[in-house]
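Spelled out, the chains give:
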Amino acid sequence: MNNIVAIVGRPNVGKSTLFNRLIQRREAIVDSVSGVTRDRNYGKSEWNGKEFSVIDTGGYIRGSDDVFEGEIRKQVELAIDEADVIIFVVDVEEGITPMDETVAKLLRKVTKPVLLAVNKVDNAMREKDAVEFYNLGLGEYYTFASISGSGTGDLLDALIDSFPEKPEPVQEEVVLPRFAVVGRPNAGKSSFINALIGKERFMVTDIAGTTRDAIDTKFDRFGFEFNLVDTAGIRRKAKVKEDLEFYSVMRSVRAIEHADICILVIDATRGFEGQDQSIFWLAEKNRKGVVILVNKWDLVEKDTMSTRDYEEKIKKELMPFTDVPILFVSALTKQRLLKALEATVQVFENRKQRIATSKFNEYMLKVIEAYPPPATKGKYVKIKYCMQLPTQTPQFVFFANMPQYVKEPYKRYLENKIRENWDFAGVPIDIYIREK
């Protein structure tokens, strides 16, 4: 499980610039995937070999300077709940503002590590000005300039040092697949888990809804055996009335990182909304298998075409990753629940399948010969060899004489051909082109 870092602070102090700087190392290279910007508020970063997830609470504030303290407080409280370490960004140009004091007041009560980061310090004069931030009562501060990146190294060193020590996971003898049920509040996740596990089990979970982390429930019925990562926590607690979008994405981060396959439950009566999409892209970005369950299907007016039309509509939103199993279920009437489990187990199998290099070359080289990469500037790209990498998720490497000329559309073509010949439904595939 990765550590989670939340960046908090009032609007316009440079939280997002810091966020972009933290995640750019990996995002910029690996994720030249379209659709990444859909969840710009969440990313992965790595420093000195330690990986962590970063959440930028900035993008969630509605409006700019006229944000009410209540709004900020909600957002900071949520981040405090979820994160392991909090970076509190302030702006040296404007000094301490009443809003900063409000945030600091909240953070002083927190038991988790808080790093005070003073932004826009790019010369010695400003270095002196930064001293006033001791008045916030948060102890030592770190100066940096997020635009040029100076000082971020020291901040990151301090960040890594302040991560809580997490016990090394003890390896189980048999590692069971882990399925997480995620989705927006009120889509019927709890009813779905209820229907699978039986009532008495969920009463326990109901109290566990207070738990911040995802909890495993071992599931062993109908000939299936797996761990259900219970994300009852994604449900909205009665006393929390915050921005739903932010809340469910925050909660899903933990659950998704924890699972092998994500079962995304959506509400048939509401359609595939922005929030469902951000949870989907979160799973895709974490390279997890995905199964989409359209729940409450018994409530929808149907005609002969309705499932097909509905499926088309969802797939349109999922472009370019459309090879995802979509099932229409009802947790209430228990309609097609077993089918849903079968599909999930199938996606798990797809995710760990390995293709023999000889077979892979035999098929793919013919495909490439029939439709080679388009020539650029009169240069012809030749691909002579390809293989699947020994990684946990399906990754394929193609060796070419000029990899820099192989563009995104051609990679997508290769991916589509792989999917045509082998079943990778519900599983994101990575394709790398390397110099031979």
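Just so we're clear, the structure is a prediction, and the values are computed from it rather than from any experiment.

Definitions and limits used
Residues numbered from 1 in each chain as written. Predicted model: local features only at pLDDT ≥ 70, side-chain atom pairs only at ≥ 80, totals over all residues. Heavy atoms only, no water. Helix = DSSP H or I, 4+ residues; strand = E, 2+ residues; numbered from the N terminus. Buried < 20%, exposed > 50% of the residue type's maximum accessible area, 1.4 Å probe, protein only. Contact = heavy atoms within 4.5 Å. Areas by Shrake-Rupley, 256 points an atom, 1.4 Å probe, with all protein chains shown as cover. Phe/Tyr/Trp six-rings, centres within 6.5 Å; stacked < 30°, edge-to-face > 60°. Lys NZ or Arg CZ within 6 Å of the ring centre and 35° of its normal. Axes fitted to C-alpha atoms, helices over the stretch in contact; angles between N-to-C directions. Parallel < 35°, antiparallel > 145°, perpendicular 65-115°, else oblique. Left-handed = near helix turned anticlockwise from the far one by under 90°. Nonpolar A, V, L, I, M, F, W, Y, C, P; charged D, E, K, R; others polar.

> Even after reading the chapter, I still don't get the overall build of the protein chain, so can you show me in this structure?
Along the backbone of the protein chain there are 13 helices and 15 strands. Looking at the protein chain as a whole, 55% of its 436 residues qualify as buried. In the protein chain, of all internal contacts separated by at least 6 residues, the share reaching a separation of at least 24 is 74%. In the form shown here, the protein chain has an accessible surface area of approximately 20700 Å², with 52% of it arising from carbon and sulfur atoms.

> Before we go on, may I ask you to explain the packing of aromatic side chains in this structure?
Aromatic ring pairs are described here by two measures, namely the spacing of the ring centres and the angle between the planes. Applying the stated criterion across every chain, the model contains 18 aromatic pairs. For the ring pair Y310 and F328, a centre distance of 5.8 Å and an interplane angle of 80° mean the geometry is edge-to-face. Placement of Y310 in helix α10 (residues 306-318) and of F328 in strand β12 (residues 326-328) is noted, with a sequence separation of 18 residues between them. Under the relative-accessibility criterion, F328 is labelled buried at 6%. Aromatic side chains F360 and W422 sit 5.6 Å apart centroid to centroid with 45° between the ring planes, which places their arrangement in the tilted category. With F360 in helix α12 (residues 357-370) and W422 in the loop between α13 (408-421) and β15 (430-435), this pair connects stretches of sequence that are 62 residues apart. The ring of Y310 is capped by K313, whose NZ or CZ atom sits 5.6 Å from the centre of that ring.

> Before we go on, may I ask you to explain the packing of α12 against α13 in this structure?
In a packed pair of helices, the relevant descriptors are the angle between the two axes and the axis-to-axis distance. Two elements in contact, α12 and α13, have axes whose closest approach is 11 Å; the angle formed by their N-to-C orientations is 135°. Classified by the angle their axes make, α12 and α13 are oblique. The element α12 and its partner α13 pack so that their crossing is right-handed. Residues F360, Y363, M364, V367 and I368 of α12 touch α13, and the partners they reach there are Y410, Y413, L414, K417, I418, E420 and N421. Across the contact of α12 with α13, the residue classes break down as 9 nonpolar, 1 polar and 2 charged.

Nothing here speaks to function; it is all geometry.
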